Amino acid sequence: MNGGAPAKALSKGKVKELNGLVEELMQHGFREANGADELLAQHRDMAGVLDRIRRVEPKLRTTNGRPRMETVAHFMRWAVERGCQVDNVRVAEHAEYGGLGLESCGPIPAGECIITVPRSMFFYVTNEPRYRKLLELMPGAMMSEQGNIMLALALIMERFRAKSDWKPYLDLLPDRYTTPLYYTTEDMGELAETDAFLPALKLCKHIARQYGFIRRFVQEKVDELRDCFTYDVFRRMSHGQSCARDVVNLRLLLLLQTPSLHGLDDRPYRFGHEGINF
């Protein structure tokens, strides 16, 4: 593990081995599979290759290595200093749900605003030079249909950038999630009789294919991704940026779904008892 810095470059032999594994992953990922049994078999094949990929790739840490609750106070100071207003709620640990959550500090009447987030705290992809190369390399069709990719890659670049302004937020993200992306193949089999089974298989396949595409066609052409893009890092960041239980992550997802940034005014978003108010 490292402390948020890019890893040393792999040897030529390891790069060749990794490239071969990525090709194998993509072959499995684009194989036609019909029905639950075939999809589960495909998932097991892809999971086996991903396990081998993870053994070759460097182990990069995307957090500061401390328990998440120890970073909450710093994150809250950072957020408030940047204009975030938090009333009558606090961040608390809920082990039974596998992470952090918001906890009321008292009664919250219907319609009351509890969190106000200024637009200056939105993380989004701009046309600045550090992202331009990435934007040029990503196919337009993929960007329009799978917009989470660009945001996830931008978060990875920011995570491993020295003196990032977003470090307090990035330090608060978990290093893993209690979702199907982290299930074993045995765990996935336990979902077979549930409505979540097929969506879970498709999610894992989707993220694996995105990883394979970026690893093959983008990573080596973008300096800021060359030594810090791995399956584990991409899985965490692509998952984290769309996880609605984290307030700031929810803002990222909503902003990503906005067709254009042009015309946005300075009004903050407000979170209240009845949802999100604009």
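Criteria and thresholds
Residues numbered from 1 in each chain as written. Predicted model: local features only at pLDDT ≥ 70, side-chain atom pairs only at ≥ 80, totals over all residues. Heavy atoms only, no water. UniProt positions renumbered as here; feature names shortened; annotations may be inferred. Helix = DSSP H or I, 4+ residues; strand = E, 2+ residues; numbered from the N terminus. Buried < 20%, exposed > 50% of the residue type's maximum accessible area, 1.4 Å probe, protein only. Contact = heavy atoms within 4.5 Å. pLDDT = per-residue confidence, 0-100. Phe/Tyr/Trp six-rings, centres within 6.5 Å; stacked < 30°, edge-to-face > 60°. Lys NZ or Arg CZ within 6 Å of the ring centre and 35° of its normal. Lys, Arg positive; Asp, Glu negative; His and termini not counted. Salt bridge = Lys/Arg side-chain N within 4 Å of Asp/Glu carboxyl O. Polar contact = N/O pair within 3.5 Å; in protein donor to acceptor, adjacent residues only side chain to side chain. Pairing = 2+ DSSP bridges. Axes fitted to C-alpha atoms, helices over the stretch in contact; angles between N-to-C directions. Parallel < 35°, antiparallel > 145°, perpendicular 65-115°, else oblique. Left-handed = near helix turned anticlockwise from the far one by under 90°. Nonpolar A, V, L, I, M, F, W, Y, C, P; charged D, E, K, R; others polar.

The protein chain has the name protein-histidine N-methyltransferase in an unreviewed UniProt entry, where Anopheles melas is given as its organism. In its Sequence similarities (unreviewed entry) section, the UniProt entry covering the protein chain states "Belongs to the class V-like SAM-binding methyltransferase superfamily. SETD3 actin-histidine methyltransferase family." We quote the UniProt Catalytic activity (unreviewed entry) comment for the protein chain here in full: "L-histidyl-[protein] + S-adenosyl-L-methionine = N(tele)-methyl-L-histidyl-[protein] + S-adenosyl-L-homocysteine + H(+)".

Draft legend 1. Molecular detail of the overall build of the protein chain. Along the protein chain, the regular secondary structure elements total 12 helices and 6 strands. Burial statistics for the protein chain: of 278 residues in total, 46% are counted as buried. Long-range pairs, those at least 24 residues apart, make up 70% of the contacts in the protein chain with a sequence separation of at least 6.

Draft legend 2. Examining the confidence of the model for the protein chain more closely. Residues of the protein chain with pLDDT of at least 70 account for 80%, and the chain-wide mean is 80. Mean pLDDT values over the elements of the protein chain span from 35, in helix α12 (residues 247–256), up to 95, in helix α2 (residues 35–56). Considering only residues more than four positions removed or in separate chains, one finds that residues 243–267, a stretch of pLDDT under 50, has 48 contacts.

Draft legend 3. Region of interest: the packing of aromatic side chains. Summed over all chains, the structure comprises 8 aromatic pairs. Judged by centre distance (5.1 Å) and plane angle (50°), the ring pair of Phe213 and Phe217 falls under tilted. On the criterion of helical spacing, the pair formed by Phe213 and Phe217 is a turn pair, its members being 4 residues apart in helix α9 (residues 197–217). A relative accessible area of 14% places Phe213 in the buried class. Residue Phe217 is classed as partly exposed on the basis of its relative accessible area, which comes to 37%. Both rings, one in Phe229 and one in Phe234, keep their centres 5.6 Å apart while their planes meet at 50°; by these two values the pair is tilted. The class for Phe229 is buried, based on a relative accessible area of 3%. In textbook terms, an aromatic cluster arises when at least three aromatic residues are bridged by ring pairs, as seen for Phe75, Trp78, Phe123 and Trp166. Over the aromatic face of Phe30 sits the side chain of Arg209, whose NZ or CZ is 4.2 Å from the ring centroid.

Draft legend 4. Here's a closer look at the side chain of Glu57. With respect to the element layout, Glu57 can be found in the loop between α2 and α3 (69–81). Buried and unpaired, Glu57 has Arg215 as its nearest opposite-charge partner, separated by 4.3 Å. Side chain to side chain, Glu57 and Tyr211 meet in a polar contact 2.6 Å long. Once residues lying within four places of it in the same chain are set aside, the contact partners of Glu57 are Leu18, Tyr211, Arg215, Phe229, Thr230 and Tyr231.

Draft legend 5. Just the pairing of strand β4 (residues 113–117), in detail. By the criterion of burial, β4 is predominantly enclosed, with 4 of the 5 residues buried. The pairing of strand β1 (residues 85–86) with β4 spans 2 bridges and is classified as antiparallel. Bridge pairing in β4 links Gln85 to Thr116.

Draft legend 6. The packing of helix α1 (residues 12–29) against α2, seen in detail. Packing of α1 against α2 brings their axes to within 9 Å, and their N-to-C directions diverge by 165°. Considering the angle they form, α1 stands roughly antiparallel to α2. The handedness of the crossing between α1 and α2 is left-handed. Across the interface between the two elements, Lys14, Glu17, Leu18, Leu21, Val22, Glu24, Leu25, His28 and Gly29 from α1 touch Gln42, Asp45, Met46, Val49, Leu50, Arg52, Ile53 and Val56 from α2. Broken down by class, the residue content of the contact of α1 with α2 amounts to 9 nonpolar, 3 polar and 5 charged.

Draft legend 7. Representation of the environment of Pro168 in the model. Within the secondary structure layout, Pro168 lies in helix α7 (residues 167–172). Linking Pro168 and Ala79, residues 89 residues apart in sequence, is a C-alpha distance of 8.7 Å. Contact partners of Pro168, with chain neighbours within four places excluded, come to His74, Phe75 and Trp78.

Draft legend 8. Unusual backbone geometry, seen in detail. Phi is positive for Asn88, close to 70°, though the residue is something other than glycine. Looking at the secondary structure, you find Asn88 in the loop between β1 and β2 (89–94).

Draft legend 9. View of the pattern of salt bridges. The full count for this structure, using the stated rule, is 13 salt bridges. Where Asp232 meets Arg54, a salt bridge forms, and the shortest distance between an N and an O atom there is 2.8 Å. Of this pair, Asp232 sits in helix α11 (residues 231–240) while Arg54 is found in helix α2, placing the two residues 178 residues apart along the sequence. A salt bridge links Asp223 to Arg226, with the shortest nitrogen-to-oxygen separation between them at 2.7 Å. Taken together, the positions of Asp223 and Arg226, both in helix α10 (residues 223–226) and 3 residues apart, correspond to about one turn of that helix. A relative accessible area of 31% places Arg226 in the partly exposed class.

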